[in-house]
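Each chain, letter by letter, is given below.
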Amino acid sequence: MPASALLVRDRVTWLIYLQLATYGYFLYSFTPSVTLLRDDEHTSRAVSGLHGTALAAGAVAAGILTPRLVDRFGRARLMRGSLVVLAAAIAVFISCSIVAVTLAGAAVAGFAGAIIVNLSAAMLTHHHPGQAGGAAVSEANGVGSGFGIFAPLLLSAAIALKIGWRAGLVVAIVLALTVAVLGRGIGEHDVGTPTRRAGDIRPPLSREFWRAWLVLVLTAAIEFSLTIWSSDVLEHHQHLSEGVAATGVTAIVCGMTIGRLTSSRLALRYSADTLLVSVFLLTLVGFTAFWFTSVALLAFVGLFVIGLGISLQFPLAITRVIEFSDGQADLATGHGAWGTGLAIGLAPFGLGALADHVGTHTAMLIVPVFVVVAVLGVTTAKRRPLRAYPRTEVGLAVGDIPGPID
């Protein structure tokens, strides 16, 4: 394996991983907290569901504004600021039971969180040139989803200890502020903030970029359609109780975490295109088992396999988007943020609307359609991605790296 394809996890790498871990914890505590908040606010499911829409709307706004914010503040400063804004937004979200206030908190959290996710990808692909960048992005998302597994557990523990579910989200506030302080050690030169002069005109993005962007948007549609609606299929098709069906999401998240944390060497060895097509096909295998079976255990195995497939879809797709941007990583991730925000807001909603007419089990067949279109988007690319940054030689193997903070 050439030295340029080795991943060195240094202090900067670990701090970026922690930034994604912070948002991962918040994101996976957000969904169950919305249900708990609905009981406090005494609202309908439709009104409660607007919190997810607000989160997605914040992500869309972030996608539009991120390139300008990077030009104004730089990547490192913007990342630290976004962590502080995320902490403030979570504090607003848990501060009361007034719908307008909690919706505002969700929207701002979605805005800050989208900046954190997409800046992390741009920073890692700069800090680790070549295939090591894709491996680092995959691992970082694995750390994020790994932290996310603990989020609903801590919320449940807070309820059991009678200190209230909001205490579980206070953990996210502490994490965000702590990582923001630790991030002061990251300089703009570490993360490759682009230098732009007033009046500079950005070159247009290629058709191949937009093809890669569509693939990225479809990965979000696949992931959130499955994580939001799989439990409903388990409940009404496999006839499981509501509580047992809800653990289907855990099977997906476990698969995602394991896949992301164990796949770095695959990302170093194979191209993003090859791996992406492979994990799309793996998702189809898991979906087939999940959709056709009436045996609960096999359905859970299918969901776990789906999680393994989903695990690399977003990391590889965002890496391809950056590489097809011809060096305009912040513009690329900005477009990625609003695109995935729309997918998160619209795809599960559209699936749910279809389910009202044909049932959730049948409506789920839209997911393999998303997968097939995404595969076509990858395989019909007219050229390979261009590296956003030059490949440079890296001197140490993964096993030679010391602890997170030197």
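Cut-off values and rules
Residues numbered from 1 in each chain as written. Predicted model: local features only at pLDDT ≥ 70, side-chain atom pairs only at ≥ 80, totals over all residues. Heavy atoms only, no water. Phe/Tyr/Trp six-rings, centres within 6.5 Å; stacked < 30°, edge-to-face > 60°. Helix = DSSP H or I, 4+ residues; strand = E, 2+ residues; numbered from the N terminus. Buried < 20%, exposed > 50% of the residue type's maximum accessible area, 1.4 Å probe, protein only. Expected span 1.5 Å × (residues − 1). Core = buried A, V, L, I, M, F, W, Y, C linked by side-chain atoms within 4.5 Å. Contact = heavy atoms within 4.5 Å. Axes fitted to C-alpha atoms, helices over the stretch in contact; angles between N-to-C directions. Parallel < 35°, antiparallel > 145°, perpendicular 65-115°, else oblique. Left-handed = near helix turned anticlockwise from the far one by under 90°. Nonpolar A, V, L, I, M, F, W, Y, C, P; charged D, E, K, R; others polar. Patch = residues over 30% accessible without salt bridge, like charges linked within 9 Å, V, L, I, M, F, W, Y side chains within 5 Å. Areas by Shrake-Rupley, 256 points an atom, 1.4 Å probe, with all protein chains shown as cover. Salt bridge = Lys/Arg side-chain N within 4 Å of Asp/Glu carboxyl O. Polar contact = N/O pair within 3.5 Å; in protein donor to acceptor, adjacent residues only side chain to side chain.

**Student:** Would you explain the packing of aromatic side chains in this entry?
**Tutor:** For any two aromatic rings, the description comes down to two numbers: the centre-to-centre distance and the angle of the planes. In this structure the tally under the stated criterion is nine aromatic pairs. Ring centres 5.4 Å apart and planes at 70 degrees place the aromatic pair Trp-14 and Tyr-17 in the edge-to-face group. Here Tyr-17 and Trp-14 lie together in helix H1 (residues 11-41), a separation of three residues that amounts to about one turn. The class for Trp-14 is partly exposed, based on a relative accessible area of 24%. Taking relative accessible area as the criterion, Tyr-17 reaches 2% and is therefore assigned buried. When the centroid spacing of 5.7 Å and the interplanar angle of 50 degrees are considered together, the rings of Phe-26 and Phe-30 count as tilted. With Phe-26 and Phe-30 both in helix H1 and four residues apart, this pair spans about one turn of that helix. Each member of the pair, Phe-26 as well as Phe-30, carries the same accessibility label: buried. One aromatic cluster in this structure is built from Tyr-23, Phe-26, Phe-30 and Phe-93.

**Student:** Would you mind going over helix H13 (residues 296-311) with me for this structure?
**Tutor:** For an α-helix, 3.6 residues make a turn, and residues three or four places apart therefore share a direction. When the terminal C-alpha atoms of H13 are compared, their 22 Å separation across 16 residues agrees well with the 22 Å that a helix rising 1.5 Å per residue should span. All of the buried residues in H13 are Ala-299, Phe-300, Gly-302, Leu-303, Val-305, Ile-306, Gly-307, Gly-309, Ile-310 and Ser-311.

**Student:** Just to check I follow, could you spell out helix H14 (residues 313-323) for this structure?
**Tutor:** In terms of burial, H14 is a largely internal element, 11 of the 11 residues being buried. Where H14 is concerned, the buried positions are Gln-313, Phe-314, Pro-315, Leu-316, Ala-317, Ile-318, Thr-319, Arg-320, Val-321, Ile-322 and Glu-323.

**Student:** For this particular structure, what's the right way to read the nonpolar core?
**Tutor:** Ranked by size, the top nonpolar core spans 116 residues in total, and within it Phe-26, Leu-226 and Phe-280 carry the most contacts. With near-sequence residues (within four places) excluded, Phe-26 lies in contact with Leu-55, Leu-86, Ile-90, Ala-109, Leu-169 and Ala-172.

**Student:** Can you walk me through the packing of helix H10 (residues 248-262) against H13 in this structure?
**Tutor:** Each pair of packed helices can be summarised by the angle the axes make with each other and by the distance between the axes. Where H10 meets H13, the closest approach of the two axes is 7 Å, and the angle between their N-to-C directions is 40 degrees. Between H10 and H13, the interaxial angle falls into the category oblique. By crossing handedness, the relation of H10 to H13 is classed as right-handed. The residues of H13 that touch H10, namely those facing Gly-248, Ala-251, Ile-252, Cys-254, Gly-255, Met-256, Ile-258, Gly-259 and Arg-260, are Phe-300, Leu-303, Phe-304, Gly-307, Leu-308, Ile-310 and Ser-311. Of the residues in the contact of H10 with H13, the class split is 10 nonpolar, five polar and one charged.

**Student:** I'm lost on a nonpolar patch on the surface in this one. Help?
**Tutor:** Residues Phe-150, Leu-153, Leu-154 and Val-171 make up a contiguous nonpolar surface patch of about 360 Å² in total accessible area. For the nonpolar patch, the element with the highest residue contribution is helix H5 (residues 131-160), accounting for three residues. Turning to its location among the elements, Leu-153 is positioned in helix H5.

**Student:** Explain the side chain of His-51 here, please?
**Tutor:** Position of His-51 among the secondary structure elements: in helix H2 (residues 45-73). Residue class for His-51 comes out buried when judged on its relative accessible area of 1%. At 2.9 Å, the side chain of His-51 and the side chain of Thr-102 are in polar contact. The contacts of His-51, once residues within four sequence positions are left out, are Phe-30, Val-34, Leu-37, Glu-41, Phe-93, Val-99, Thr-102, Leu-103 and Ala-106.

**Student:** Help me understand unusual backbone geometry, please; the structure alone is not making it clear to me.
**Tutor:** What is expected of a backbone is that most residues other than glycine have negative phi and most peptide bonds are trans. A positive phi angle, near 60 degrees, is found at Lys-162, a position not held by glycine. Of note, Lys-162 is situated in the loop between H5 and helix H6 (166-182). The class of Lys-162 is exposed, set by a relative accessible area of 75%.

**Student:** Mind showing me how you'd approach the environment of Val-215 here?
**Tutor:** Structurally, Val-215 is set in helix H8 (residues 207-236). Sequence spacing of Val-215 and Val-378 is 163 residues, and the spatial spacing of their C-alpha atoms is 7.2 Å. The contacts of Val-215, once residues within four sequence positions are left out, are Leu-276, Phe-280, Arg-320, Ala-374, Gly-377 and Val-378.

**Student:** How do you make sense of the packing of helix H12 (residues 272-292) against helix H17 (residues 366-379) when you look at a structure like this?
**Tutor:** Contact geometry of H12 with H17 gives a least axis separation of 10 Å together with a crossing angle of 165 degrees. As far as their axial angle goes, H17 and H12 are roughly antiparallel. Of the two possible hands of crossing, H12 and H17 adopt the one that is left-handed. When H12 is examined against H17, the residues Asp-273, Leu-276, Val-277, Phe-280, Thr-283, Leu-284 and Phe-287 are found in contact with a partner set consisting of Val-367, Pro-368, Val-371, Ala-374, Val-375, Val-378 and Thr-379.

**Student:** Before we go on, may I ask you to explain the pattern of salt bridges in this structure?
**Tutor:** A side chain of one charge can pair with a side chain of the opposite charge when the charged atoms of the two come close. In this structure the tally under the stated criterion is two salt bridges. Between Arg-211 and Glu-208 there is a salt bridge whose closest N-O contact spans 3.3 Å. In this pair, Arg-211 and Glu-208 both sit in helix H8, three residues apart, roughly one turn of the helix. For Glu-208, a relative accessible area of 7% gives the class buried. Taking the shortest distance from any N to any O, the salt bridge between Arg-320 and Asp-273 comes out at 2.6 Å. With a gap of 47 residues between them, Arg-320 in helix H14 and Asp-273 in helix H12 connect regions that are remote in the sequence. Residue classification places Arg-320 among the buried residues on the basis of a relative accessible area of 1%. Of the residues examined, Asp-273 reaches a relative accessible area of 13% and is grouped as buried.

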